[in-house]
Amino acid sequence: MTYDDQNIFAKILRGEIPCKKIYEDKYILSFYDINPQKKVHALVIPKGRYIDLDDFSVNASSDEIVGLLKGINLVAKKLKISAGIGKGYRTLANISEHGGQEVPHLHFHIFGGEIVGKMVE
Ligand code: 5GP
């Protein structure tokens, strides 16, 4: 599978469609999910063109990998839901068909602001 430049998150990264931005740096962009599943539902995406976590793990640079992982923590802190500041949260990445991935640009969901509930339904 090749990366689809027309996916919705690629368009958000290029500024072609708007988002409610939470945080941005050299490696990541974070914004609120358009269809929140919990009180807090944010997304964290790498700026690079990666389809999913498998693609990212194999092809991203060490700096990009560190930037994304640290970015999740920075966003959780900014939202005041990190373990140190708030009451915690869940992060997850859906991968391909069985994972239920809809947008083919790697993204981590961040759910919080309330008890998130069962891990898998
Ligand atoms: P996936 O199922 O691929 O893991 O999650 C895709 C997520 O992207 C969904 O939670 C969906 O609500 C969100 N989403 C889809 N289109 C948009 C959009 O245009 N803007 C924002 N902010 N989120 C979107």
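See the structure shown above.
Every value quoted in this text rests on a predicted model; they were computed, and no experiment measured them. Counting from 1, residues in each chain are numbered in the order their sequence is written. Two thresholds apply to this predicted model, a pLDDT of at least 70 for residue-level local features and 80 or more for giving and counting side-chain atom pairs, whereas whole-chain, interface and lining totals are computed over all residues. As a rule here, side-chain values come from all non-hydrogen atoms in the structure, and water together with hydrogens is ignored.

Enquirer: What exactly am I supposed to notice about the pairing of strand E3 (residues 40-46) here?
Expert: It is a general feature of regular strands that their side chains alternate between the two faces of the sheet. Of all seven residues making up E3, seven are buried, and the element is well covered by its neighbours. Under the scheme applied here, a residue whose accessible area is under 20% of the maximum for its type counts as buried, over 50% as exposed, and between as partly exposed, the area being computed with a 1.4 Å probe on protein chains only. Each helix is a run of H or I in the DSSP string that is no shorter than four residues. Each strand is a run of E no shorter than two, and both are numbered from the N terminus. Covered by surrounding structure in E3 are Val40, Ala42, Val44 and Pro46 together with His41, Leu43 and Ile45, the residues of both alternating faces. A pair of strands is labelled paired if DSSP reports no fewer than 2 bridges between them. As defined by bridge partners, strand E2 (residues 28-32) adjoins E3 across five bridges and the pair is classed as antiparallel. Pairing of Ser30 across the sheet is with Val44, part of E3. With five bridges connecting them, E3 and strand E5 (residues 108-112) associate as antiparallel partners. Counterpart to Val44 in the pairing with E5 is Phe108.

Enquirer: Looking at this structure, how should I read the site of the ligand?
Expert: Taken together, 15 residues lie near the ligand, and Asp33, Asn94, Glu102, His107 and His109 sit nearest. The separation between a nitrogen atom of the ligand and a polar main-chain atom of Tyr32 is 2.9 Å. The definition of a polar contact used here is a pair of N or O atoms within 3.5 Å, where within protein one atom must be able to donate a hydrogen and the other to accept one, and adjacent residues in sequence count solely through side-chain atom pairs. For the ligand, an oxygen atom lies 2.8 Å from a polar atom in the side chain of His107. Here the Shrake-Rupley method, with its probe set to 1.4 Å, supplies the accessible areas, and only the displayed protein chains count as covering residues. Protein burial of the ligand: of its 530 Å² of free accessible surface, 85% is covered by the chains. Here the shell around the ligand gets three residues from one element, more than from any other, and that element is helix H1 (residues 8-13). Any residue with a non-hydrogen atom lying within 4 Å of a molecule or strand is treated as near it.

Enquirer: Explain the packing of aromatic side chains to me, please; I cannot follow it from the model alone.
Expert: What characterises a pair of aromatic rings is the spacing of the ring centres plus the angle enclosed by the ring planes. Pairing of aromatic rings covers Phe, Tyr and Trp, the last through its six-membered ring, and needs centres within 6.5 Å; plane angles under 30 degrees mean stacked, over 60 mean edge-to-face, and all others mean tilted. Evaluation of the coordinates by the stated rule reveals two aromatic pairs. Relative to Phe31, the ring of Phe9 lies with its centre 5.5 Å away and its plane at 75°, an arrangement referred to as edge-to-face. Residue Phe9 is found in helix H1, and its partner Phe31 is found in strand E2; the two are separated by 22 residues along the sequence. Taken together, a centroid distance of 5.1 Å and an interplanar angle of 85° make the contact between Tyr50 and Phe56 edge-to-face. Classification of Phe56 by relative accessible area gives buried; the value is 4%. Throughout this description, the term charge over a ring refers to an Arg CZ or Lys NZ atom that lies within 6 Å of the ring centre and within 35 degrees of the ring normal. Here the basic side chain of Lys20 rests over the ring of Tyr32, its NZ or CZ set 5.1 Å away from the ring centre.

Enquirer: In this structure, what is going on with unusual backbone geometry? I would like to understand it.
Expert: Leaving glycine aside, a negative phi is the common case for residues, and trans is the common case for peptide bonds. The residue Lys80 is not glycine, and still its phi comes out positive at about 60°. A relative accessible area of 60% means that Lys80 is categorised as exposed. A positive phi is found at Ser96, a non-glycine position, where the angle reads about 55°. If you trace the backbone, Ser96 turns up in helix H4 (residues 96-99).

Enquirer: Which parts of the structure should I look at to understand the sheet that holds strand E4 (residues 89-92)?
Expert: Pairing between sheet strands relies on hydrogen bonds along the backbone, with the strands arranged either parallel or antiparallel. Ordered by their spatial adjacency, five strands build an open sheet running E1-E2-E3-E5-E4, and the pairing between neighbours is antiparallel. Of all strands in the sheet, those bounded by a partner on one side alone are strand E1 (21-24) and E4. The average angle at which neighbouring strand axes cross in this sheet is 20°, direction not considered. A fitted line through C-alpha atoms represents every axis, and for helices the fit uses only the stretch in contact; the resulting angles, taken between N-to-C directions, go from 0 to 180 degrees.

Enquirer: What should I look at first to understand the layout of surface pockets in this one?
Expert: Once rolled over the atoms, a probe with the size of a water molecule shows which space is left empty. As defined here, a cavity is a set of points on a 1 Å grid over the protein atoms alone where a 1.4 Å probe fits but cannot get out. A pocket is an open set with protein on both sides within 12 Å along at least five of seven lines, and residues line them when an atom is within 4 Å of a point. Grid points are joined across faces, edges and corners, and a volume is the space filled by probe spheres set on the points. Size it by volume and the largest pocket reaches roughly 810 Å³. Considering the residues around the largest pocket, the lining is formed by 32 residues, among which Asp33, Asn35, Gln37, His41 and His109 are closest to the centre. Classifying every residue of the lining of the largest pocket by side-chain character gives 16 nonpolar, nine polar and seven charged. In this classification, Asp, Glu, Lys and Arg are treated as charged, Ala, Val, Leu, Ile, Met, Phe, Trp, Tyr, Cys and Pro as nonpolar, and every other residue, Gly included, as polar.

Functional significance is not addressed by these values, which are geometric in nature.
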